Each structure stands twice: as C-alpha cells, then as structure tokens.
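Analysis of the macromolecular model
Chain residues, written in single-letter form:
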Amino acid sequence: AQSVAQPEDQVNVAEGNPLTVKCTYSVSGNPYLFWYVQYPNRGLQFLLKYITGDNLVKGSYGFEAEFNKSQTSFHLKKPSALVSDSALYFCAVRPDSNYQLIWGAGTKLIIKP
Amino acid sequence: DTAVSQTPKYLVTQMGNDKSIKCEQNLGHDTMYWYKQDSKKFLKIMFSYNNKELIINETVPNRFSPKSPDKAHLNLHINSLELGDSAVYFCASSWRTSGVSYEQYFGPGTRLTVT
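Residues numbered from 1 in each chain as written. Chains lettered and ligands numbered in written order. Predicted model: local features only at pLDDT ≥ 70, side-chain atom pairs only at ≥ 80, totals over all residues. Heavy atoms only, no water.

1. Observations concerning the environment of T107 of chain A
Residues and elements named next belong to chain A. Within the element layout of this structure, T107 appears in strand β12 (residues 107-112). Owing to a relative accessible area of 0%, T107 belongs among the buried residues under this scheme. Remark: the alpha-carbon pair of T107 and P7, spanning 100 residues in sequence, is separated by 8.2 Å. Leaving out residues up to four positions away in the same chain, T107 has contacts with Q6, E8, D9, Q10, V11, V21, A87, L88 and Y89. (Helix = DSSP H or I, 4+ residues; strand = E, 2+ residues; numbered from the N terminus. Buried < 20%, exposed > 50% of the residue type's maximum accessible area, 1.4 Å probe, protein only. Contact = heavy atoms within 4.5 Å.)

Listed below in structure tokens is the structure:
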C-alpha cells in the first residue's frame with residue numbers, strides 16, 4: 001500500500017538552530033512531493049514542492065527540502081529556526097498514477113526561545 | 001481578498017440534525033476538495049470535484065453529500081449528525097491538469113461540534 005511517514009510526532013529546536021522535519025514515502029513511480037504548514041486554528045498553507053529537477057527545492061519562509069530518491073525521503077529543513085516557525089507540518093505525496101494526495105500524519109514543530 | 005472561504009467558521013449542533021458547510025474559491029481553480037481533520041490532526045480526503053464532476057469519493061458515510069453548483073463552489077451537506085462527525089472540515093482548491101501537479105489552497109476550516 002502507498003504511504004507517507006513522518007516518523008516524529010514532535011520536533012523541538014532552539015531558536016537560531018537548524019531544523020529538520022523528516023518525511024519518507026512508499027509510492028510507485030515518480031511521485032510529486034509537497035510540504036504544508038498549519039498554524040493553530042488555521043488552514044494548511046503550501047510551503048514547497050518537488051516535481052523534477054534539482055533535488056534541493058526552496059520554498060516560503062526560508063524553508064527548503066531535499067529530495068532523495070534512493071532513500072525515498074523528502075526532509076524539510078531551515079538553517080536557522082524562528083519561534084514563529086512553531087506549527088504543524090504535513091508532508092504529502094502524489095503518486096504519478098493519480099491525482100490524489102497521500103498525507104503524512106503531521107509533525108509538530110516547537111521552537112523554543 | 002480571501003482565496004478560499006468557508007462558512008460557517010464554527011458550527012455547534014445536536015445529534016440527529018442536518019447541517020451544511022459552504023465553500024467558495026476565487027482563484028479560478030477547476031478542482032475542489034473536502035477534507036476532515038480529526039482531533040489528532042489526521043487529514044483525510046473525503047471528496048473532490050473537477051469541473052463540477054465528482055472524481056474522488058472516499059469511504060465516507062452516505063450521510064455526507066457534496067454538491068458543486070459551479071467550479072467556484074463546493075458545499076457539504078451532512079444528514080443525521082453523529083458525535084463522531086465532530087472535527088474540523090477543510091475545503092481546498094487547485095488546478096488539475098494532466099502531467100502537472102499543482103498545490104492545493106486551503107480554506108480556514110469549519111469546526112463542527114456535535115453534542
């Protein structure tokens with residue numbers, strides 16, 4: 001079965017430190033990969049996506065993500081965390097065989113001052 | 001201007017009632033979605049319409065019925081509400097073109113509480 005895993009329910013990072021939120025997937029073919037962020041009591045916002053090309057993609061708010069085909073991973077990164085980055089982050093994958101997104105369970109990111 | 005809007009933002013109702021949630025997008029997208037987010041924040045696709053045609057219909061009770069009067073609107077009607085229907089319901093929209101994958105834009109959500 002096709003799936004997306006976000007292995008950490010919560011990630012704690014000190015402000016100013018680099019952060020990584022992990023995502024791995026198991027889908028057939030060449031998937032399209034997305035990251036979304038959800039702030040408290042808000043809808044999800046698109047951060048970035050990987051379709052093809054350079055394995056490192058840059059997105060909103062200084063975030064970037066690295067696609068690793070051999071490890072089937074798409075980890076979200078930021079060089080220097082801000083307290084305002086604290087939110088719930090979702091990884092989503094669209095198999096190339098259909099249009100439906102497969103969503104990860106979400107990772108709560110907490111940035112401490 | 002709000003890209004994807006939902007009404008109402010909060011909905012508190014009793015078991016057995018029927019309620020509707022409305023969604024409108026002004027982005028010109030041709031595809032709209034309904035998602036359910038439960039108390040553990042899991043996100044589950046319920047329905048998707050492309051140009052008013054139902055293209056995704058996940059395993060959802062028959063009590064849930066989507067309606068898309070035009071490309072910019074997708075409403076969700078729920079009959080005989082149950083306690084387990086309590087959740088946040090999100091509407092989203094995107095383009096859907098063969099070979100291209102576009103991101104989805106989400107509304108602010110409707111928090112449904114069934115008592």
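2. Some remarks on the packing of aromatic side chains
Aromatic ring pairs: the centre-centre distance and the angle between the two ring planes describe each pair. Scanning all chains against the criterion turns up 14 aromatic pairs over all chains. Aromatic pair F34 of chain A and F46 of chain A: ring centres 6.5 Å apart, planes at 65 degrees, arrangement edge-to-face. Of this pair, F34 of chain A sits in strand β5 (residues 32-38) while F46 of chain A sits in strand β6 (residues 44-50); the two residues are 12 residues apart in sequence, bridging distant segments of the chain. F34 of chain A gets classed as buried once you look at its relative accessible area, which sits at 1%. Through a chain of ring-to-ring contacts, three or more aromatic side chains come together here, namely F34, Y36, F46, F90 and W103 of chain A together with Y33, Y35, F90 and F106 of chain B. (Phe/Tyr/Trp six-rings, centres within 6.5 Å; stacked < 30°, edge-to-face > 60°.)

3. Considerations on the nonpolar core
Note on soluble globular proteins: their nonpolar side chains tend to be buried together. Judged by nonpolar contacts, the single largest core of 29 residues is most densely connected at L19, W35, L47, L48, F74, L76 and Y89 of chain A. Contributing elements (two or more residues each) for this core: β2 (10-14), β3 (19-21), β5, β6, β8 (64-68), β9 (73-78), β10 (87-94) and β12 of chain A. Looking at this core element by element, the count peaks at 4 residues for β10 of chain A. By size, the runner-up hydrophobic cluster in this structure holds 20 residues, among which are L11, M46, F47 and L74 of chain B. (Core = buried A, V, L, I, M, F, W, Y, C linked by side-chain atoms within 4.5 Å.)

4. Focus: the pattern of salt bridges
Residues and elements named next belong to chain B. On inspection of all chains with the given rule, the structure shows 6 salt bridges over all chains. One salt bridge connects E82 with R63, and the closest N-O pair in it is separated by 3.4 Å. Placement of the pair is E82 in the loop between β8 (73-78) and β9 (87-94) and R63 in the loop between β6 (53-57) and β7 (64-70), with a sequence separation of 19 residues. For R63, a relative accessible area of 16% gives the class buried. Three or more residues joined by partner-sharing salt bridges are found here, namely R63, E82 and D85. (Salt bridge = Lys/Arg side-chain N within 4 Å of Asp/Glu carboxyl O.)

5. Considerations on the layout of surface pockets
Approximately 360 Å³ is the volume attributed to the largest pocket. Breaking the lining of the largest pocket down by element, the ones donating at least two residues are β10 and β12 of chain A together with β9 and β11 (110-114) of chain B. Looking at which element gives the most residues to the lining of the largest pocket, the answer is β12 of chain A, with 3 residues. Of the residues that constitute the lining of the largest pocket, the class distribution is 10 nonpolar, 6 polar and 5 charged. (1 Å grid on protein atoms, 1.4 Å probe; cavity = no way out; pocket = protein on both sides within 12 Å on 5 of 7 lines; lining within 4 Å. Points joined across faces, edges and corners; volume = space filled by probe spheres on them. Nonpolar A, V, L, I, M, F, W, Y, C, P; charged D, E, K, R; others polar.)

6. Concerning the sheet that holds strand β3 (residues 19-25) of chain B
All names here are of chain B. Taken in spatial order, the 4 strands make up an open sheet running β1-β3-β8-β7, and their pairing is antiparallel. In this open sheet, the two strands that pair with only one neighbour each are β1 (4-7) and β7. Averaged over all pairs of adjacent strands, the angle between their axes in this sheet comes to 20 degrees, without regard to strand direction. The pairing of β7 with β8 spans 5 bridges and is classified as antiparallel. Considered in β8, the bridge of K67 is made with N75. (Pairing = 2+ DSSP bridges. Axes fitted to C-alpha atoms, helices over the stretch in contact; angles between N-to-C directions.)

7. Quick look at the interface of chain B and chain A
Contacts between the two partners involve 23 residues from chain B and, on the opposite side, 19 residues from chain A. Taken together, the two surfaces of chain B and chain A that pack against each other cover about 1700 Å², and 54% of this comes from carbon and sulfur. Across the salt bridge formed by K49 of chain A and E103 of chain B, the nearest N and O atoms sit 2.9 Å from each other. There are 5 residue pairs in polar contact (both at pLDDT 80 or more) connecting chain B and chain A. Residue classes in the side of chain B that touches chain A are distributed as 10 nonpolar, 7 polar and 6 charged. (Buried area = accessible area lost by both parts, 1.4 Å probe. Polar contact = N/O pair within 3.5 Å; in protein donor to acceptor, adjacent residues only side chain to side chain.)

8. Section: a positive patch on the surface
A contiguous patch of positive charge on the surface is contributed by R42 and K108 of chain A together with K9, K41 and R111 of chain B. Within the secondary structure layout, K9 of chain B lies in the loop between β1 and β2 (10-13). Here K9 of chain B falls in the partly exposed class, since its relative accessible area comes to 40%. (Patch = residues over 30% accessible without salt bridge, like charges linked within 9 Å, V, L, I, M, F, W, Y side chains within 5 Å. Areas by Shrake-Rupley, 256 points an atom, 1.4 Å probe, with all protein chains shown as cover. Lys, Arg positive; Asp, Glu negative; His and termini not counted. Charge placed at Lys NZ, Arg CZ, Asp CG, Glu CD.)

9. Structural notes on the pairing of β5 of chain A
All names here are of chain A. Burial analysis of β5 places 7 of its 7 residues in the buried class, which makes it a mostly covered element. Neither face of β5 is open: one carries Y32, F34, Y36 and Q38, the other L33, W35 and V37, and all of them are buried. One ladder, built from 7 bridges, connects β5 with β10; its direction is antiparallel. Directly across from Q38, in β10, lies its bridge partner L88. Counting the residues between successive antiparallel strands, the hairpin from β5 to β6 contains 5 residues, one of them, N41, with a positive phi of roughly 60 degrees.

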